[in-house]
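As a plain string of letters, each chain reads:
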Amino acid sequence: MYLTLRNRSDAAIKILGFEVDEPAMAMLHQTKIDEDGRSTMHSHEPLSLQPGEELVMEPGGVHLMVTGLDEASVTRGFSVRARLESGSLIESTVVAVPPDQLLVVTDDSSDTGQAP
Ligand SMILES: [Cu+2]
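Keep in mind that what you see is a predicted model, and the values were worked out from it rather than measured. (Residues numbered from 1 in each chain as written. Predicted model: local features only at pLDDT ≥ 70, side-chain atom pairs only at ≥ 80, totals over all residues.)

Participant: Which parts of the structure should I look at to understand the sheet that holds strand 4 (residues 39-43)?
Facilitator: To summarise the sheet geometry, strands pair through backbone hydrogen bonds and adopt either a parallel or an antiparallel arrangement. Taken together, the three strands give an open sheet; going across it, the order is 4-3-7, and neighbouring strands pair in antiparallel fashion. A strand with exactly one partner marks an edge of an open sheet, and here the two such strands are strand 4 and strand 7 (62-67). Sheet twist, expressed as the average angle between the axes of neighbouring strands with direction ignored, equals 45°. Strand direction decides the pairing type here: strand 3 (residues 25-33) and strand 7, joined by six bridges, are antiparallel. Each residue of the ladder has a partner; that of His29, found in strand 7, is His63. (Pairing = 2+ DSSP bridges. Helix = DSSP H or I, 4+ residues; strand = E, 2+ residues; numbered from the N terminus. Axes fitted to C-alpha atoms, helices over the stretch in contact; angles between N-to-C directions.)

The structure is reproduced here in structure tokens:
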């Protein structure tokens, strides 16, 4: 999954990880291309966002790997929680969109992203 994260606070935040409802699992991954041109995935370090910083996840970079989701959750949407270093959880509902319908909608709805 490719999410757009924005730090709207005036302090830096660190996201230690993401949680979804069991039995599904979420992991932060980083895609890397090895010497043989193969694409491999590694778990990513905690994410840090400076005040006002926006991170747009894109193919080939950081992504949230979600496994074990049932079909209904994929179409209806499901809850994703970001666990911050401060101890708080930020919850958001995510609806999966096929890549050919990918449209990045931000809160101020002024910019749109393109499909890869
Ligand atoms: Cu992955």
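After presenting the structure, the write-up continues.
Participant: Before we go on, may I ask you to explain the nonpolar core in this structure?
Facilitator: Generally speaking, a soluble globular protein has its nonpolar side chains buried in company with each other. In this structure, Phe18, Val20, Ala26, Leu28, Leu64, Val80 and Ala82 together form the largest nonpolar core, which totals seven residues. Sorting the residues of this core by element identifies strand 2 (13-20), strand 3 and strand 8 (78-84) as the ones contributing at least two each. With residues near it in sequence (within four places) discarded, Leu28 still touches Gly17, Phe18, Ser43, His44, Leu47, Val62 and Leu64. (Core = buried A, V, L, I, M, F, W, Y, C linked by C-beta atoms within 7 Å. Buried ≥ 20, exposed ≤ 12 C-beta atoms within 10 Å, placed from the backbone. Contact = placed C-beta atoms within 7 Å.)

Participant: What is the right way to look at the environment of Val56 in this model?
Facilitator: Looking at the element boundaries, Val56 is found in strand 6 (residues 54-56). Look at Val56 and you get partly exposed, because 15 C-beta atoms sit within 10 Å. In this structure, the C-alpha to C-alpha distance between Val56 and Leu5, residues 51 residues apart in sequence, is 6.4 Å.

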